Amino acid sequence: MAEPSALDTKTIQGFGIAKTYAKNTDDINSLDYSNDGEFLVTAANDDSMCLYSCEDATHIKTVKCKRFGVSLARFTHHSKAVICASRRRATEESVRYLSLHDNRYLRFFGGHTEEVVQLSMCPVDDTFMSGASDRTVRFWDLRDAKATAIFETKDTPVLSYDPQGLIIAICTARNHLKLFDRRTLTKGPFSTFSVERNVWTHMTFTPDGNYILMRNSEGYLNLYDSFKGNLKRQFRSGMRPKRNFSGNRLLSTEFCPSISPDGKYLLCGSDTELTCWNLESGSITQSWRPLDSIPCAVGWNPCRIMFATGGKKLQLWLPSKRS
């Protein structure tokens, strides 16, 4: 696999599919890398989770999750342990803590009364937070099945930790973005910004923590200054994503954006193409189409020059030797 080096326009434009895996019978709804970049995990709508090695590009195992279903797979700080959300039995086992070493559930986290659509692992310790369609955000510690704090929101929340794990961003209503100090959650937000009124589906900080990227249900990605709250740039990621049968509840398979580890490039899929933008200039660096697998989930490897896309198939992307 490709070793770390600097990303630039030529390298981005040289990316192509290096390997394709067809291990799933339905869409991949999420993917994530271990902190060391050695492993990749995917969750799919066929109620399975797959683990891959990024070192030798091999499929290690498939874990069946027929009882609960699975979405929002996230590595903990252990490369063989993940948290994930249940697509069924949402009340009893909203979130699960799974050892991929021996396929054993270590803990269940219950309490949400509707589908969990947001799951974020703290970058510095074993705490995490979840957001659900029941309009609550719950805070957890991997060592305790009981939530450490619960916030009620006015709408389905989107949320993210900053890279240092000190600041929590939560969009609690369709146009209110609130920032909290994680150490003093009960004191409420220390800053509140008004953002474009919309249905937001994803949120992430840039690696330097200076900006917050938010994706809405119309396919627009807005980049906000995390200190002042002003809109720096807007990107268009393509067609409107899928909805569930009721038409008004967010799916965890909305197209999820990913920012490169150096903070220079933004990657996001759509119904028609995969696009990479220069985050600073806002220009399109490269787009790939047509695709034989719609990229519902995308992710940059944190330690290697590679990214992955997941749809009906998982595809690993590497730059060509000439780039």
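Residues numbered from 1 in each chain as written. Predicted model: local features only at pLDDT ≥ 70, side-chain atom pairs only at ≥ 80, totals over all residues. Heavy atoms only, no water.

**Q** Lay out the side chain of R138 with the relevant residues and their values.
**A** Turning to its location among the elements, R138 is positioned in strand β12 (residues 136–141). Within the buried set, R138 has no salt-bridge partner at all; the shortest N-O distance to an opposite charge, 4.7 Å, is to D134. If near-sequence neighbours (up to four positions away) are discounted, R138 is found in contact with G111, H112, F128, M129, S130, A147, A149 and I150. (Helix = DSSP H or I, 4+ residues; strand = E, 2+ residues; numbered from the N terminus. Buried < 20%, exposed > 50% of the residue type's maximum accessible area, 1.4 Å probe, protein only. Lys, Arg positive; Asp, Glu negative; His and termini not counted. Salt bridge = Lys/Arg side-chain N within 4 Å of Asp/Glu carboxyl O. Contact = heavy atoms within 4.5 Å.)

**Q** Would you mind going over the sheet that holds strand β11 (residues 127–132) in detail, with residue names and values included?
**A** Spatially, the four strands line up as an open sheet ordered β10-β11-β12-β13, and their pairing is antiparallel. Whereas interior strands pair on both sides, the edge strands pair on one side only; in this sheet they are β10 (116–121) and β13 (144–152). Ignoring strand direction, the axes of neighbouring strands in this sheet form an average angle of 25 degrees. Two elements, β12 and β13, share five bridges in a ladder whose sense is antiparallel. Counted as the bridge partner of T136 is E152 from β13. (Pairing = 2+ DSSP bridges. Axes fitted to C-alpha atoms, helices over the stretch in contact; angles between N-to-C directions.)

**Q** Tell me about the nonpolar core, residues and numbers included.
**A** Counting 16 residues, the largest nonpolar core has L40, A308, L314 and L316 as the members making the most contacts within it. Elements represented by at least two residues in this core include exactly β2 (28–33), β3 (39–44), β4 (48–53) and β28 (314–319). In contact with A308, other than residues within four places in its own chain, are L31, Y33, L40, A297, V298, G299, L314, Q315, L316 and W317. Core analysis: the second largest hydrophobic core is formed by 15 residues, I83, L119, A132 and W140 among them. (Core = buried A, V, L, I, M, F, W, Y, C linked by side-chain atoms within 4.5 Å.)

**Q** I'd like to hear about the pattern of salt bridges, residue by residue, with values.
**A** According to the stated counting rule, one finds twelve salt bridges in the structure shown. In this structure, the salt-bridge partner of D26 is K312, at a minimum N-O distance of 3.7 Å. With D26 in the loop between β1 (15–21) and β2 and K312 in the loop between β27 (307–310) and β28, the pair connects residues that are 286 residues apart, well separated along the chain. When its relative accessible area of 27% is taken as the criterion, D26 is described as partly exposed. A salt bridge links R183 to D181, with the shortest nitrogen-to-oxygen separation between them at 2.9 Å. Classification of R183 as exposed rests on a relative accessible area of 62%.

**Q** Requested: an account of the sheet that holds strand β16 (residues 176–181), with residues and values cited.
**A** Strand order in the open sheet formed by four strands is β14-β15-β16-β17, and the pairing between neighbours is antiparallel. Sheet topology places β14 (158–161) and β17 (191–194) at the edges, where each strand pairs with a single neighbour. Across the sheet, the axes of successive neighbouring strands diverge by a mean angle of 20 degrees, strand direction being ignored.

**Q** Provide a residue-level description of the pairing of strand β20 (residues 220–225), including the pertinent values.
**A** Along a regular strand, successive side chains alternate from one face of the sheet to the other. The buried fraction of β20 is high, at five of six residues. The pairing of strand β19 (residues 211–216) with β20 spans five bridges and is antiparallel. Of the residues in β20, the one forming a bridge with Y211 is D225. Between the end of β19 and the start of β20, which pair antiparallel, lie three residues, with G219 showing a positive phi angle near 95 degrees. Relative to strand β21 (residues 231–236), β20 runs antiparallel, the two being bridged by five bridges. Counterpart to L221 in the pairing with β21 is F235.

**Q** I'd love a proper account of the packing of aromatic side chains, names of residues and values included.
**A** Within the structure shown, the criterion is met by 17 aromatic pairs. With a centroid separation of 5.4 Å and an interplanar angle of 45 degrees, the aromatic rings of F151 and F180 are classed as tilted. Residue F151 is located in strand β13, and its partner F180 is located in strand β16; the two are separated by 29 residues in the primary sequence. By the burial criterion, F151 is buried, and F180 matches it. The rings of F15, W288, W300, F307 and W317 are connected pair by pair, giving a single aromatic cluster. (Phe/Tyr/Trp six-rings, centres within 6.5 Å; stacked < 30°, edge-to-face > 60°.)

**Q** Any details on the environment of I259? Residues and values, ideally.
**A** Its place among the elements puts I259 in strand β22 (residues 258–259). What makes I259 buried here is its relative accessible area of 13%. A sequence separation of 55 residues divides I259 from T204, and the C-alpha atoms of the two residues are 8.5 Å apart. Sequence-distant contacts of I259, defined by excluding residues within four places in its chain, comprise T204, F205, T206, P207, L213, Y265, L266, L279 and W300.

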